[in-house]
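Summary of structural features
Listed here are the chains, written in short residue letters.
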Amino acid sequence: TDDEEEDKGTELNIGDSIPSFTVSLNNGKTVSSNDLLGNVSLIVFFHTACKDCQQELPIIQQFHDAYPEYPLLCISRAENETSVAAYWEQHQLSLPYSAQDDRTLYNQFARQGIPRIFIVDTTGIIRYIYTDNPLATLEDLERAVQSIDTEQGI
């Protein structure tokens, strides 16, 4: 059941390092956690049937369009490539995503709750976490990355 799945995860918090992982993206690229080092980056977990995710994904798209210099990974939680690709096409999203058929990668970051946005600094430390309460606005995301940039002298 979902409850059993939720108990298996690790709940990462602000100040924690992101786990080591590698994902294949829909654009053919493979990205690892090491590839994110040196940049402020965003890791977004979602499922296209999730109503809050449906509200958050267009905001993530706006952020990506405005700030393409920040690496961004959208990772599905237990949703296959066919389903994600259809949603992306229907909603004209161009965000790079990795469809994950199960919760294995998600469980390295969290136990429950999507959308979940991790904003990670240049050393792989989680600096901000946004969930569904409240959903992140474009301004929230902009402020978060700019504060890390300022602090890290970027």
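**Thoughts on the overall build of the protein chain**
- Each helix and strand counted, the protein chain has 6 helices and 7 strands in total.
- Ordering the α and β elements of the protein chain from the N terminus gives α-β-β-α-β-α-β-α-β-α-β-β-α.
- Compactness check: the protein chain gives a C-alpha radius of gyration of 14 Å against a globular reference of 15 Å for 154 residues, within 12% of the reference.
- Oriented by its inertia axes, the alpha-carbon framework of the protein chain measures out at about 45 × 35 × 30 Å.
- The 154 residues of the protein chain split such that 47% are buried.
- Looking at the protein chain alone, contacts between residues at least 24 apart form 68% of all its contacts between residues at least 6 apart.
- Summed over its atoms, the accessible surface of the protein chain is roughly 7,600 Å², and 44% of this surface lies on carbon and sulfur atoms.

**Describing the sheet that holds strand β6 (residues 116–120)**
- Across the sheet, 5 strands lie side by side as β5-β4-β3-β6-β7; this open sheet has mixed pairing. Of all strands in the sheet, those with a lone pairing partner are β5 (97–98) and β7 (126–130), marking the two edges.
- Two elements, strand β4 (residues 72–76) and β5, share 2 bridges in a ladder whose sense is parallel. Its bridge partner lying in β5, Cys 74 is registered against Tyr 97.

How each quantity is defined
Residues numbered from 1 in each chain as written. Predicted model: local features only at pLDDT ≥ 70, side-chain atom pairs only at ≥ 80, totals over all residues. Heavy atoms only, no water. Helix = DSSP H or I, 4+ residues; strand = E, 2+ residues; numbered from the N terminus. Rg over C-alpha atoms; globule rule 2.2 N^0.38 Å. Buried < 20%, exposed > 50% of the residue type's maximum accessible area, 1.4 Å probe, protein only. Contact = heavy atoms within 4.5 Å. Areas by Shrake-Rupley, 256 points an atom, 1.4 Å probe, with all protein chains shown as cover. Pairing = 2+ DSSP bridges.

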